[in-house]
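Here are the chains, one letter per residue:
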Amino acid sequence: MTRIAVVGAGVAGLGVAYALRDAAPVTLFERRERVGGRAATREQADCVYDTGANYVKSDDERVSRVVRELSDGLVDVEEPVWTFDADETISEGRDENTEKWTYRNGIGTLGQRLLDASDATVRTNTRIVGSQKDKSDGWYVEDDSGNEHGPYDELVLTPPAPLTASLLEFAAWGDDETRRELREHVGHVPYRTILSVVLHYPFEIDRPYYALVNTDKEHEIGWLARESCKPGHVPDGESLLVVQMAPDWSAEHYDWEDSEIVAAAADHVADLLSDHSLSAPDWFDVIRWRDALPDSGADTDVLRRAAEVNLHFAGDWVAGDGRVHRALGSGLDVGERIRNKNRRG
Ligand SMILES: Cc1cc2nc3c(=O)[nH]c(=O)nc-3n(C[C@H](O)[C@H](O)[C@H](O)COP(=O)(O)OP(=O)(O)OC[C@H]3O[C@@H](n4cnc5c(N)ncnc54)[C@H](O)[C@@H]3O)c2cc1C
(Lines give C-alpha, C1' and ligand atoms only; values in the text may rest on other atoms or scores of the structure.)
Protein backbone atom coordinates (compact mmCIF):
# COMPACT_ATOMS: atom_id res chain seq x y z
CA MET A 1 0.00 0.00 0.00
CA THR A 2 1.27 3.51 -0.87
CA ARG A 3 2.75 5.30 2.17
CA ILE A 4 2.50 9.07 2.31
CA ALA A 5 4.47 11.63 4.32
CA VAL A 6 3.09 15.15 4.73
CA VAL A 7 5.27 17.92 6.18
CA GLY A 8 3.07 20.47 8.00
CA ALA A 9 -0.28 19.89 9.70
CA GLY A 10 -2.05 23.14 8.82
CA VAL A 11 -5.38 22.83 7.01
CA ALA A 12 -3.60 22.05 3.70
CA GLY A 13 -1.66 19.10 5.13
CA LEU A 14 -4.74 17.94 7.02
CA GLY A 15 -6.75 18.25 3.78
CA VAL A 16 -4.31 15.79 2.14
CA ALA A 17 -4.83 13.35 5.03
CA TYR A 18 -8.62 13.81 4.93
CA ALA A 19 -8.80 13.10 1.18
CA LEU A 20 -6.72 9.94 1.67
CA ARG A 21 -8.66 8.58 4.66
CA ASP A 22 -9.36 4.84 4.22
CA ALA A 23 -7.16 4.85 1.09
CA ALA A 24 -3.53 5.01 2.24
CA PRO A 25 -1.52 5.39 5.48
CA VAL A 26 -0.56 9.05 5.97
CA THR A 27 2.01 10.37 8.46
CA LEU A 28 1.94 14.11 9.21
CA PHE A 29 5.04 15.86 10.60
CA GLU A 30 4.27 19.07 12.48
CA ARG A 31 6.90 21.26 14.12
CA ARG A 32 4.42 22.72 16.62
CA GLU A 33 2.62 21.12 19.56
CA ARG A 34 -0.80 21.43 17.90
CA VAL A 35 -2.21 20.92 14.43
CA GLY A 36 -4.04 23.67 12.48
CA GLY A 37 -1.16 26.00 11.55
CA ARG A 38 -2.39 29.54 10.90
CA ALA A 39 -5.98 28.47 11.64
CA ALA A 40 -5.08 28.88 15.31
CA THR A 41 -6.89 29.58 18.59
CA ARG A 42 -5.76 30.55 22.07
CA GLU A 43 -7.57 30.59 25.41
CA GLN A 44 -7.03 32.91 28.33
CA ALA A 45 -9.13 34.00 31.34
CA ASP A 46 -12.36 32.32 30.10
CA CYS A 47 -11.95 33.86 26.62
CA VAL A 48 -11.38 31.95 23.36
CA TYR A 49 -9.84 33.89 20.47
CA ASP A 50 -8.72 33.13 16.92
CA THR A 51 -5.22 34.48 16.48
CA GLY A 52 -4.53 33.83 12.78
CA ALA A 53 -7.44 33.18 10.44
CA ASN A 54 -10.56 34.76 11.94
CA TYR A 55 -13.03 32.59 10.07
CA VAL A 56 -13.55 30.21 7.13
CA LYS A 57 -15.71 31.47 4.30
CA SER A 58 -18.26 29.23 2.62
CA ASP A 59 -16.92 30.23 -0.80
CA ASP A 60 -16.09 26.83 -2.23
CA GLU A 61 -18.79 24.15 -2.37
CA ARG A 62 -16.45 21.17 -1.95
CA VAL A 63 -14.70 22.72 1.07
CA SER A 64 -18.03 23.82 2.58
CA ARG A 65 -19.24 20.23 2.32
CA VAL A 66 -16.19 19.05 4.29
CA VAL A 67 -16.68 21.75 6.95
CA ARG A 68 -20.39 20.85 7.26
CA GLU A 69 -19.38 17.20 7.78
CA LEU A 70 -17.30 18.42 10.74
CA SER A 71 -19.95 20.80 12.00
CA ASP A 72 -20.28 19.90 15.69
CA GLY A 73 -19.77 23.26 17.47
CA LEU A 74 -19.62 25.22 14.21
CA VAL A 75 -20.86 28.82 14.59
CA ASP A 76 -21.59 31.53 12.05
CA VAL A 77 -20.54 35.14 12.65
CA GLU A 78 -23.70 36.94 11.64
CA GLU A 79 -22.73 40.59 12.13
CA PRO A 80 -21.31 42.30 9.02
CA VAL A 81 -17.82 43.52 8.15
CA TRP A 82 -17.63 47.32 7.70
CA THR A 83 -14.77 49.38 6.24
CA PHE A 84 -12.58 52.33 7.22
CA ASP A 85 -9.98 54.46 5.47
CA ALA A 86 -6.86 56.46 6.35
CA ASP A 87 -9.07 59.31 7.66
CA GLU A 88 -10.79 56.86 10.02
CA THR A 89 -14.14 57.28 8.30
CA ILE A 90 -16.12 54.13 9.07
CA SER A 91 -18.62 53.01 6.42
CA GLU A 92 -21.15 50.25 6.09
CA GLY A 93 -19.60 47.44 4.01
CA ARG A 94 -21.08 45.41 1.23
CA ASP A 95 -23.25 42.54 2.38
CA GLU A 96 -21.61 39.30 1.32
CA ASN A 97 -23.64 36.19 0.70
CA THR A 98 -21.10 33.84 2.22
CA GLU A 99 -21.08 32.56 5.79
CA LYS A 100 -18.19 33.30 8.16
CA TRP A 101 -17.57 30.13 10.13
CA THR A 102 -15.56 29.38 13.23
CA TYR A 103 -16.22 27.02 16.15
CA ARG A 104 -17.42 27.67 19.71
CA ASN A 105 -13.96 26.50 20.80
CA GLY A 106 -12.24 28.48 18.05
CA ILE A 107 -11.13 27.90 14.49
CA GLY A 108 -8.35 25.60 15.74
CA THR A 109 -11.13 23.01 16.13
CA LEU A 110 -11.23 22.64 12.33
CA GLY A 111 -7.69 21.22 12.23
CA GLN A 112 -8.37 18.81 15.07
CA ARG A 113 -11.64 17.67 13.43
CA LEU A 114 -9.88 17.04 10.10
CA LEU A 115 -7.24 15.00 11.89
CA ASP A 116 -9.83 12.99 13.85
CA ALA A 117 -11.83 12.27 10.66
CA SER A 118 -8.75 11.02 8.81
CA ASP A 119 -6.91 7.99 10.14
CA ALA A 120 -3.53 9.70 9.82
CA THR A 121 -0.67 9.43 12.28
CA VAL A 122 0.63 12.79 13.45
CA ARG A 123 4.06 13.50 14.90
CA THR A 124 3.88 16.87 16.61
CA ASN A 125 6.94 18.78 17.90
CA THR A 126 8.81 17.33 14.92
CA ARG A 127 10.47 19.84 12.63
CA ILE A 128 11.60 18.40 9.32
CA VAL A 129 14.93 19.78 8.12
CA GLY A 130 15.78 17.60 5.12
CA SER A 131 14.52 14.99 2.73
CA GLN A 132 16.02 12.58 0.28
CA LYS A 133 14.82 10.16 -2.31
CA ASP A 134 16.42 6.78 -2.45
CA LYS A 135 16.03 5.26 -5.94
CA SER A 136 14.97 1.81 -4.78
CA ASP A 137 13.12 2.64 -1.64
CA GLY A 138 11.32 6.00 -1.74
CA TRP A 139 11.40 9.20 0.31
CA TYR A 140 13.04 9.71 3.69
CA VAL A 141 12.67 12.82 5.84
CA GLU A 142 14.98 13.92 8.63
CA ASP A 143 13.92 15.86 11.74
CA ASP A 144 15.97 18.39 13.69
CA SER A 145 17.00 15.77 16.26
CA GLY A 146 18.71 13.82 13.48
CA ASN A 147 16.06 11.06 13.28
CA GLU A 148 15.28 9.68 9.84
CA HIS A 149 11.69 8.68 8.98
CA GLY A 150 10.66 6.54 6.03
CA PRO A 151 10.54 5.18 3.47
CA TYR A 152 7.46 6.83 1.95
CA ASP A 153 6.21 6.49 -1.62
CA GLU A 154 4.91 10.06 -1.85
CA LEU A 155 6.07 13.24 -0.09
CA VAL A 156 3.88 16.35 0.30
CA LEU A 157 5.36 19.68 1.48
CA THR A 158 2.88 22.21 2.92
CA PRO A 159 4.79 24.83 4.99
CA PRO A 160 4.49 28.48 3.81
CA ALA A 161 6.55 29.02 0.63
CA PRO A 162 9.69 30.57 2.28
CA LEU A 163 9.92 27.57 4.64
CA THR A 164 9.24 25.09 1.84
CA ALA A 165 12.02 26.77 -0.21
CA SER A 166 14.52 26.25 2.61
CA LEU A 167 13.39 22.64 2.96
CA LEU A 168 14.09 22.18 -0.75
CA GLU A 169 17.64 23.42 -0.15
CA PHE A 170 18.29 20.33 1.92
CA ALA A 171 16.57 17.89 -0.40
CA ALA A 172 18.45 15.24 -2.31
CA TRP A 173 16.66 13.99 -5.40
CA GLY A 174 16.68 14.35 -9.16
CA ASP A 175 19.21 16.58 -10.92
CA ASP A 176 20.70 19.81 -9.52
CA GLU A 177 19.13 22.02 -12.19
CA THR A 178 15.53 20.84 -11.55
CA ARG A 179 15.99 21.24 -7.81
CA ARG A 180 17.48 24.74 -8.18
CA GLU A 181 14.67 25.90 -10.49
CA LEU A 182 11.98 24.62 -8.14
CA ARG A 183 13.65 26.10 -5.05
CA GLU A 184 14.04 29.52 -6.64
CA HIS A 185 10.51 29.49 -7.91
CA VAL A 186 9.01 28.60 -4.51
CA GLY A 187 11.36 31.04 -2.73
CA HIS A 188 10.05 33.94 -4.82
CA VAL A 189 6.46 33.74 -3.56
CA PRO A 190 6.11 36.99 -1.52
CA TYR A 191 4.52 36.97 1.92
CA ARG A 192 3.11 39.73 4.14
CA THR A 193 3.99 39.91 7.85
CA ILE A 194 1.20 40.53 10.36
CA LEU A 195 1.25 41.24 14.09
CA SER A 196 -2.03 40.09 15.68
CA VAL A 197 -2.68 42.13 18.82
CA VAL A 198 -5.36 40.89 21.22
CA LEU A 199 -6.85 43.49 23.59
CA HIS A 200 -9.22 42.57 26.43
CA TYR A 201 -11.52 44.99 28.28
CA PRO A 202 -13.72 44.36 31.35
CA PHE A 203 -16.67 46.10 29.68
CA GLU A 204 -18.76 45.70 26.52
CA ILE A 205 -17.99 47.51 23.27
CA ASP A 206 -21.26 47.76 21.41
CA ARG A 207 -21.02 48.36 17.65
CA PRO A 208 -23.25 47.42 14.67
CA TYR A 209 -20.46 45.41 12.98
CA TYR A 210 -18.36 42.33 13.68
CA ALA A 211 -15.19 43.74 12.12
CA LEU A 212 -13.65 46.68 10.30
CA VAL A 213 -11.30 46.31 7.34
CA ASN A 214 -9.06 49.08 6.04
CA THR A 215 -9.76 49.48 2.34
CA ASP A 216 -7.12 52.02 1.21
CA LYS A 217 -4.20 50.21 2.95
CA GLU A 218 -3.08 53.56 4.37
CA HIS A 219 -3.85 52.96 8.06
CA GLU A 220 -1.63 51.39 10.74
CA ILE A 221 -4.46 48.91 11.45
CA GLY A 222 -5.44 46.47 8.70
CA TRP A 223 -8.29 44.66 10.44
CA LEU A 224 -10.09 44.93 13.77
CA ALA A 225 -12.62 42.32 14.95
CA ARG A 226 -14.94 41.96 17.93
CA GLU A 227 -14.44 38.41 19.15
CA SER A 228 -17.61 38.70 21.25
CA CYS A 229 -19.63 38.29 18.00
CA LYS A 230 -18.50 34.63 17.99
CA PRO A 231 -20.82 32.57 20.20
CA GLY A 232 -19.00 31.11 23.20
CA HIS A 233 -15.79 33.15 22.80
CA VAL A 234 -16.12 36.02 25.31
CA PRO A 235 -18.13 36.10 28.58
CA ASP A 236 -21.01 38.62 28.81
CA GLY A 237 -19.96 42.05 30.05
CA GLU A 238 -16.45 41.78 28.56
CA SER A 239 -14.85 42.58 25.18
CA LEU A 240 -11.93 41.20 23.27
CA LEU A 241 -10.61 42.86 20.12
CA VAL A 242 -8.38 41.06 17.62
CA VAL A 243 -6.38 43.74 15.85
CA GLN A 244 -4.23 42.85 12.85
CA MET A 245 -1.69 45.57 12.25
CA ALA A 246 -0.94 46.57 8.62
CA PRO A 247 1.88 44.57 6.96
CA ASP A 248 4.35 47.52 6.76
CA TRP A 249 3.70 48.49 10.37
CA SER A 250 3.99 44.85 11.43
CA ALA A 251 7.33 44.35 9.66
CA GLU A 252 8.72 47.58 11.14
CA HIS A 253 7.66 46.77 14.72
CA TYR A 254 8.15 42.99 14.61
CA ASP A 255 11.00 42.98 17.16
CA TRP A 256 9.47 45.43 19.62
CA GLU A 257 8.55 44.16 23.09
CA ASP A 258 4.92 42.94 23.37
CA SER A 259 4.06 45.77 25.80
CA GLU A 260 5.35 48.42 23.35
CA ILE A 261 3.42 46.89 20.43
CA VAL A 262 0.25 46.78 22.56
CA ALA A 263 0.59 50.39 23.75
CA ALA A 264 0.95 51.65 20.16
CA ALA A 265 -1.82 49.40 18.79
CA ALA A 266 -4.28 50.29 21.58
CA ASP A 267 -3.75 54.02 20.93
CA HIS A 268 -4.58 53.48 17.23
CA VAL A 269 -7.69 51.49 18.22
CA ALA A 270 -8.84 54.23 20.63
CA ASP A 271 -8.49 56.83 17.85
CA LEU A 272 -10.22 54.69 15.23
CA LEU A 273 -13.19 53.88 17.48
CA SER A 274 -13.20 57.37 19.08
CA ASP A 275 -13.14 55.91 22.58
CA HIS A 276 -10.11 56.73 24.72
CA SER A 277 -10.90 54.09 27.34
CA LEU A 278 -9.72 51.58 24.71
CA SER A 279 -6.10 52.68 25.03
CA ALA A 280 -5.89 50.78 28.35
CA PRO A 281 -6.79 47.06 27.96
CA ASP A 282 -6.73 45.06 31.19
CA TRP A 283 -4.83 42.21 29.52
CA PHE A 284 -3.38 41.51 26.08
CA ASP A 285 -1.65 38.99 23.85
CA VAL A 286 0.60 39.42 20.82
CA ILE A 287 1.05 36.83 18.07
CA ARG A 288 3.78 37.32 15.46
CA TRP A 289 3.10 35.90 12.01
CA ARG A 290 6.27 36.37 9.93
CA ASP A 291 4.82 34.54 6.91
CA ALA A 292 1.19 35.55 7.35
CA LEU A 293 -0.32 35.79 3.88
CA PRO A 294 1.04 35.07 0.39
CA ASP A 295 0.74 37.99 -2.02
CA SER A 296 0.61 35.72 -5.05
CA GLY A 297 0.85 32.07 -5.94
CA ALA A 298 3.41 29.71 -7.45
CA ASP A 299 3.33 28.57 -11.07
CA THR A 300 1.50 25.25 -10.85
CA ASP A 301 3.25 23.94 -14.00
CA VAL A 302 6.66 24.21 -12.30
CA LEU A 303 5.30 22.55 -9.15
CA ARG A 304 3.59 19.77 -11.08
CA ARG A 305 6.92 18.72 -12.64
CA ALA A 306 8.04 17.49 -9.21
CA ALA A 307 5.14 15.00 -9.22
CA GLU A 308 7.32 12.90 -11.56
CA VAL A 309 9.47 12.10 -8.52
CA ASN A 310 6.39 11.71 -6.26
CA LEU A 311 6.94 15.11 -4.65
CA HIS A 312 3.88 17.37 -4.18
CA PHE A 313 3.03 20.79 -2.74
CA ALA A 314 -0.09 22.12 -1.06
CA GLY A 315 -1.00 25.28 0.82
CA ASP A 316 -2.43 28.75 0.41
CA TRP A 317 0.62 29.77 -1.67
CA VAL A 318 -0.07 26.91 -4.10
CA ALA A 319 -3.69 28.08 -4.40
CA GLY A 320 -2.48 31.70 -4.72
CA ASP A 321 -4.72 33.09 -1.98
CA GLY A 322 -4.20 33.38 1.79
CA ARG A 323 -7.51 31.84 2.81
CA VAL A 324 -8.37 28.78 4.86
CA HIS A 325 -10.83 27.42 2.31
CA ARG A 326 -8.26 27.80 -0.50
CA ALA A 327 -5.50 26.09 1.55
CA LEU A 328 -7.83 23.26 2.52
CA GLY A 329 -8.98 22.94 -1.11
CA SER A 330 -5.35 22.74 -2.23
CA GLY A 331 -4.69 19.89 0.24
CA LEU A 332 -7.83 18.04 -0.88
CA ASP A 333 -6.65 18.39 -4.52
CA VAL A 334 -3.28 16.80 -3.79
CA GLY A 335 -4.85 14.03 -1.70
CA GLU A 336 -7.35 13.24 -4.45
CA ARG A 337 -4.60 13.22 -7.11
CA ILE A 338 -2.55 10.71 -5.11
CA ARG A 339 -5.68 8.65 -4.44
CA ASN A 340 -6.57 8.52 -8.17
CA LYS A 341 -3.00 7.66 -9.14
CA ASN A 342 -3.07 4.73 -6.70
CA ARG A 343 -6.36 3.53 -8.11
CA ARG A 344 -4.97 3.60 -11.65
CA GLY A 345 -1.64 2.08 -10.57
C1 LIG B 1 -3.18 37.03 10.89
C2 LIG B 1 -3.86 36.15 9.86
C3 LIG B 1 -5.19 36.37 9.54
C4 LIG B 1 -5.85 35.56 8.61
N5 LIG B 1 -7.18 35.73 8.39
C6 LIG B 1 -7.85 34.85 7.61
C7 LIG B 1 -9.27 34.86 7.56
O8 LIG B 1 -9.95 35.62 8.27
N9 LIG B 1 -9.89 33.98 6.73
C10 LIG B 1 -9.18 33.06 5.99
O11 LIG B 1 -9.79 32.28 5.25
N12 LIG B 1 -7.83 33.01 6.06
C13 LIG B 1 -7.15 33.86 6.85
N14 LIG B 1 -5.79 33.77 6.99
C15 LIG B 1 -5.04 32.84 6.13
C16 LIG B 1 -5.14 31.38 6.58
O17 LIG B 1 -4.86 31.26 7.96
C18 LIG B 1 -4.12 30.57 5.78
O19 LIG B 1 -4.29 30.83 4.40
C20 LIG B 1 -4.26 29.06 6.00
O21 LIG B 1 -4.47 28.74 7.36
C22 LIG B 1 -2.99 28.41 5.47
O23 LIG B 1 -3.00 27.01 5.71
P24 LIG B 1 -1.77 26.13 5.23
O25 LIG B 1 -2.02 24.74 5.67
O26 LIG B 1 -1.51 26.41 3.79
O27 LIG B 1 -0.48 26.72 5.98
P28 LIG B 1 -0.17 26.74 7.55
O29 LIG B 1 -1.41 26.91 8.33
O30 LIG B 1 0.92 27.73 7.75
O31 LIG B 1 0.36 25.27 7.83
C32 LIG B 1 1.70 24.89 7.61
C33 LIG B 1 2.14 24.03 8.80
O34 LIG B 1 3.47 23.58 8.55
C35 LIG B 1 4.17 23.58 9.79
N36 LIG B 1 5.61 23.59 9.45
C37 LIG B 1 6.31 24.60 8.88
N38 LIG B 1 7.59 24.20 8.67
C39 LIG B 1 7.68 22.92 9.11
C40 LIG B 1 8.74 21.96 9.17
N41 LIG B 1 9.97 22.26 8.72
N42 LIG B 1 8.48 20.73 9.69
C43 LIG B 1 7.23 20.42 10.16
N44 LIG B 1 6.19 21.31 10.14
C45 LIG B 1 6.41 22.52 9.62
C46 LIG B 1 3.67 24.83 10.47
O47 LIG B 1 3.89 24.81 11.86
C48 LIG B 1 2.18 24.81 10.11
O49 LIG B 1 1.41 24.10 11.07
C50 LIG B 1 -5.12 34.55 7.95
C51 LIG B 1 -3.78 34.32 8.27
C52 LIG B 1 -3.15 35.10 9.23
C53 LIG B 1 -1.73 34.81 9.61
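On a predicted model such as this, the values are computed, not experimentally measured, just so you know.

## A look at the layout of surface pockets
No. 1: There is about 250 Å³ of room inside the second largest pocket.
No. 2: In this structure, the second largest pocket is lined by 18 residues; those nearest its centre are Thr300, Val318, Ser330, Asp333 and Arg337.
No. 3: Sorting the residues of the lining of the second largest pocket by element identifies helix H8 (300–305), strand S21 (311–313), helix H9 (316–319) and helix H10 (324–344) as the ones contributing at least two each.
No. 4: No other element matches H10, which puts 7 residues into the lining of the second largest pocket.
No. 5: Partitioned by chemical class, the residues of the lining of the second largest pocket number 7 nonpolar, 5 polar and 6 charged.

## Some points on helix H4 (residues 161–169)
No. 1: Turning to H4, its buried residues are Ala161, Thr164, Ala165, Leu167 and Leu168. Along the axis of H4, the buried positions cluster into a sector of 160°, meaning they face one direction only.

## Let's talk about empty space enclosed by the protein
No. 1: This structure, assessed with the given rule, holds 1 cavity of 30 Å³ or more.
No. 2: Each pocket or cavity is described by its volume, and for the largest cavity that value is around 50 Å³.
No. 3: Surrounding the largest cavity, Thr178, Glu181, Leu182, Val302, Arg305 and Ala306 form its lining.
No. 4: Residue assignment for the lining of the largest cavity shows that the elements contributing at least two residues are helix H5 (176–187) and H8.
No. 5: A per-element tally of the lining of the largest cavity places H5 first, with 3 residues.
No. 6: Looking at the lining of the largest cavity residue by residue, the classes come out as 3 nonpolar, 1 polar and 2 charged.

## Considerations on the site of the ligand
No. 1: Neighbouring the ligand are 37 residues, the closest being Glu30, Arg38, Tyr55, Asp316 and Val324.
No. 2: Separating an oxygen atom of the ligand from a backbone N or O atom of Val11 is a distance of 3.2 Å.
No. 3: Note that an oxygen atom of the ligand is positioned 2.8 Å from one of the side-chain N or O atoms of Asp316.
No. 4: Compared with its free state, where it exposes 1,000 Å², the ligand has 96% of that area covered by protein.

## Brief notes about the environment of Asp85
No. 1: Following the sequence through the fold, Asp85 ends up in the loop between strand S7 (81–84) and strand S8 (90–91).
No. 2: Separated by 134 residues in sequence, Asp85 and His219 place their C-alpha atoms 6.8 Å apart.
No. 3: Apart from residues lying up to four places away in sequence, Asp85 is in contact with Asn214, Asp216 and His219.

## What to know about the domain arrangement of the chain
No. 1: As assigned here, the chain comprises domain 1 (4–40 + 111–189 + 296–344) and domain 2 (41–106 + 191–294).
No. 2: Of note, the centres of domain 1 and domain 2, computed from C-alpha atoms alone, are 29 Å apart.
No. 3: Domain 1 puts 26 residues into the contact, and the matching count from domain 2 is 25 residues.
No. 4: In total, domain 1 and domain 2 occlude about 2,100 Å² of area from one another, counting both sides; carbon and sulfur atoms represent 59% of this.
No. 5: For the interface between domain 1 and domain 2, the tally reads 2 salt bridges.
No. 6: One salt bridge in this structure joins Arg62 and Asp333, with 2.9 Å as the shortest N-O distance.
No. 7: Taken together, domain 1 and domain 2 are joined by 10 residue pairs in polar contact (both at pLDDT 80 or more).
No. 8: Those elements giving two or more residues to the side of domain 1 that touches domain 2 turn out to be helix H3 (108–117), H4, H9 and H10.
No. 9: Ranked by residue count, the leading element in the side of domain 1 that touches domain 2 is H10, at 7 residues.
No. 10: Among the residues forming the side of domain 1 that touches domain 2, the class breakdown is 14 nonpolar, 5 polar and 7 charged.

About the criteria used
- Residues numbered from 1 in each chain as written.
- Predicted model: local features only at pLDDT ≥ 70, side-chain atom pairs only at ≥ 80, totals over all residues.
- Heavy atoms only, no water.
- 1 Å grid on protein atoms, 1.4 Å probe; cavity = no way out; pocket = protein on both sides within 12 Å on 5 of 7 lines; lining within 4 Å.
- Points joined across faces, edges and corners; volume = space filled by probe spheres on them.
- Helix = DSSP H or I, 4+ residues; strand = E, 2+ residues; numbered from the N terminus.
- Nonpolar A, V, L, I, M, F, W, Y, C, P; charged D, E, K, R; others polar.
- Buried < 20%, exposed > 50% of the residue type's maximum accessible area, 1.4 Å probe, protein only.
- Arc of directions from axis to C-beta.
- Near = heavy atom within 4 Å.
- Polar contact = N/O pair within 3.5 Å; in protein donor to acceptor, adjacent residues only side chain to side chain.
- Areas by Shrake-Rupley, 256 points an atom, 1.4 Å probe, with all protein chains shown as cover.
- Contact = heavy atoms within 4.5 Å.
- Domains from an automatic or database assignment.
- Buried area = accessible area lost by both parts, 1.4 Å probe.
- Salt bridge = Lys/Arg side-chain N within 4 Å of Asp/Glu carboxyl O.

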